[in-house]
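Each chain is listed here by its residues.
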Amino acid sequence: MGEYLFTQRTRDDQRIAENLSEEFSGYLVAFDAQSMYDAALEAARTQQSRVLVLDALCVVQVDTASEMNGQRFITAEIDSVLKGAPGDYGFYDAGRAGRYWFRAALNGFSGADAMTGVYASPIKNGDALVGVLVYISQVQEIYESLRDMQIRILSWMAIVAAAVLVINALVLRTITRPIGELNEGIARMSKGELSARVRVRGNNEFAGLARAFNSMSERLEQLDNSRSQFVSNASHELKTPLSTMKILIETLMYQDPLDPAMTKEFLTDVNKEIDRLNRIVSDLLTLVNIDNGMKLNLAELDIGALLQEQARRLLPLARENGIELECAAVKEPLEVSGDALKLQQVVYNIIDNAIKYTPRGGEVHCALTRSGKKAVIRVTDTGVGIPQEDLPHIFDRFYRVDKARSRETGGTGLGLSIVKQFVLLHGGTIDAKSAPGKGSTFIIELPLAEKKNG
Ligand SMILES: Nc1ncnc2c1ncn2[C@@H]1O[C@H](COP(=O)(O)OP(=O)(O)O)[C@@H](O)[C@H]1O
Ligand SMILES: [Mg+2]
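Now for a look at the structure at hand. Quick caveat, the model's predicted, so the values are computed rather than measured. (Residues numbered from 1 in each chain as written. Chains lettered and ligands numbered in written order. Predicted model: local features only at pLDDT ≥ 70, side-chain atom pairs only at ≥ 80, totals over all residues. Heavy atoms only, no water.)

### Quick notes on the site of ligand 1
Note the following rule: The nearness test applies per residue and asks whether one of its heavy atoms lies within 4 Å of the molecule or strand. In the analysis that follows, any N or O atom pair within 3.5 Å is treated as a polar contact, provided that within protein one partner can donate a hydrogen and the other can accept it, and provided that, for residues neighboring in sequence, both atoms belong to side chains. Definitions used for this entry: grid spacing 1 Å over protein atoms alone; cavity, a set of points where a 1.4 Å probe fits but cannot get out; pocket, an open set with protein on both sides within 12 Å along at least 5 of 7 lines; lining residue, one with an atom within 4 Å of a point. To decide whether a molecule occupies a pocket or cavity, check its atoms: if more than half lie within 2 Å of the grid points, it is inside. Secondary structure follows DSSP: runs of H or I at least 4 residues long count as helices, runs of E at least 2 residues long count as strands, and numbering of each begins at the N terminus. Each residue gets one label: Ala, Val, Leu, Ile, Met, Phe, Trp, Tyr, Cys and Pro are nonpolar, Asp, Glu, Lys and Arg are charged, and the others, such as Gly, are polar.
Around ligand 1 lies a shell of 19 residues, among which Asn-353, Ser-406, Thr-412, Gly-413 and Leu-416 are the nearest. Within the contact set of ligand 1, an oxygen atom lies 2.9 Å away from a side-chain nitrogen or oxygen of Tyr-357. Residue Leu-416 places a main-chain N or O atom 2.7 Å away from an oxygen atom belonging to ligand 1. Judged by the fraction of its atoms near the pocket grid, ligand 1 is located in the largest pocket. Counting residues per element, the ones that place at least two in the shell around ligand 1 are α9 (340-356), α11 (415-425) and β12 (439-447). For the shell around ligand 1, the residue count by class is nine nonpolar, eight polar and two charged.

### What about the state of the cysteines?
Where we set the bar: The rule for a disulfide is simple: a pair of cysteine sulfur atoms within 2.5 Å. Only protein chains enter the accessibility calculation, which uses a 1.4 Å probe; a residue whose area is less than 20% of its type maximum is buried, one above 50% is exposed, and one in between is partly exposed.
Applying the stated criterion across every chain yields a total of one disulfide. Bridging Cys-327 to Cys-366, the disulfide has an S-S length of 2.2 Å. Between Cys-327 and Cys-366, the S-S dihedral sits near -125°, and the bridge is therefore left-handed. You can see Cys-327 sitting in strand β7 (residues 324-327) and its partner Cys-366 sitting in strand β9 (residues 363-371), a full 39 residues away along the chain. Note on accessibility: Cys-327 and Cys-366 belong to one class, buried.

### Overview of the pattern of salt bridges
Our working definition: Whenever Lys or Arg places a side-chain nitrogen within 4 Å of a carboxyl oxygen from Asp or Glu, that contact is recorded as a salt bridge.
Across all of its chains, the model carries 17 salt bridges by this definition. Two residues, Asp-339 and Lys-342, come together in a salt bridge whose shortest N-O distance is 2.9 Å. Given a relative accessible area of 14%, Lys-342 falls into the buried group. Note that Asp-352 and Lys-356 form a salt bridge whose closest N and O atoms lie 2.9 Å from each other. Taken as a pair, Asp-352 and Lys-356 lie in helix α9 at a separation of four residues, close to a single helical turn. This pair shows no difference in class: Asp-352 is buried, exactly as Lys-356 is.

Printed below as a string of structure tokens:
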């Protein structure tokens with residue numbers, strides 16, 4: 001923009017100076033000083049400028065300010081015209097022009113400290129250089145507007161810089177700081193401090209990230225707690241039969257004289273405890289396998305046949321406990337893609353529980369129905385039931401409503417947690433409903449195999 005103003009002015013001055021020098025060519029050759037002076041004065045008056053006409057030796061012939069007549073006057077622009085240039089333009093600060101006479105020339109015209117433009121144009125007669133026309137004009141306003149513009153640009157830059165600083169501070173608040181805190185949280189957590197949480201600020205993506213981090217660390221903390229809980233429960237469960245056996249064996253050791261009948265009874269008890277230990281250990285191993293990402297041996301299974309078969313296996317136990325076990329026949333065969341051994345264990349455990357937690361004279365019913373794309377197994381008993389507050393926990397490891405009763409029936413408290421994991425592995429769900437004192441119903445839903453049941 002500033003550049004443009006200057007070039008515009010240069011071009012204007014150049015045009016005026018060239019016209020004048022053409023006009024003056026004739027006057028100079030004819031030594032018509034009066035016409036030259038009149039024409040120069042006219043141009044200087046209308047354009048508010050100063051016109052000098054120099055002869056070929058740079059002696060001033062005409063000065064519209066009537067100051068420099070007869071003096072020699074030479075500037076870089078005049079010099080380059082003398083050397084053959086078609087014209088030359090220069091800018092000067094009148095107050096700082098180098099030589100006194102030059103300063104005088106500019107000052108006399110524009111006053112101290114004003115920016116002045118000097119245009120030199122050759123005056124020719126044919127090809128011969130007969131003089132130089134010097135056109136001096138004020139460019140102070142242009143200079144000032146240029147300076148204003150520079151000031152404006154500078155202030156804009158200052159505003160932009162301030163905005164950048166503010167944005168930077170905001171970014172620091174909304175991005176850098178949350179990331180820093182998150183980093184710190186992760187570092188603390190990786191050092192094992194699972195209670196590490198980060199502050200959730202605002203409502204942006206970072207707040208979401210902080211929330212996700214917090215819920216992850218909460219989950220990790222829960223997992224860690226339940227793991228140590230599990231280890232302590234497992235140790236406790238293993239210790240119980242061990243202490244029992246120790247007492248039995250010590251009693252036998254200090255027996256004097258040996259009573260064969262008592263010895264046999266005690267050894268039978270020790271044997272039972274060993275069975276119990278075996279059951280706990282194999283249940284624990286199953287859980288460990290599940291935790292390590294157990295693979296299923298999938299095959300198309302007739303789930304109705306599987307249910308009947310497990311019920312048949314448990315018939316003797318039901319009879320022994322004085323329970324009527326009955327399995328409703330299924331009309332259509334329902335196929336499930338599943339692991340036969342695991343689903344057998346699921347069904348076996350559920351019916352086994354139903355028998356064990358039902359007093360003599362009670363009934364256990366199992367049924368298989370279809371609901372949309374699912375096979376639904378229901379095992380209902382008329383047993384002791386499960387109190388409402390225990391219901392949400394019965395699928396937890398080692399959870400038993402009545403410890404004594406469970407132990408008496410040979411339970412480990414791990415059966416239902418294994419059952420649940422197996423069902424989940426098959427993409428199914430398990431649920432329990434119960435009315436304490438009246439009985440319970442366990443409902444297992446398994447997705448039907450795609451092909452045949454569509
Ligand atoms: N059919 C049922 N009726 C009443 N209570 C049940 C039934 N099935 C399970 N329970 C309760 O759930 C607990 C957990 O079951 P489970 O994991 O199989 O352990 P357990 O080894 O004691 O049988 C049992 O101890 C019992 O209190
Ligand atoms: Mg059980």
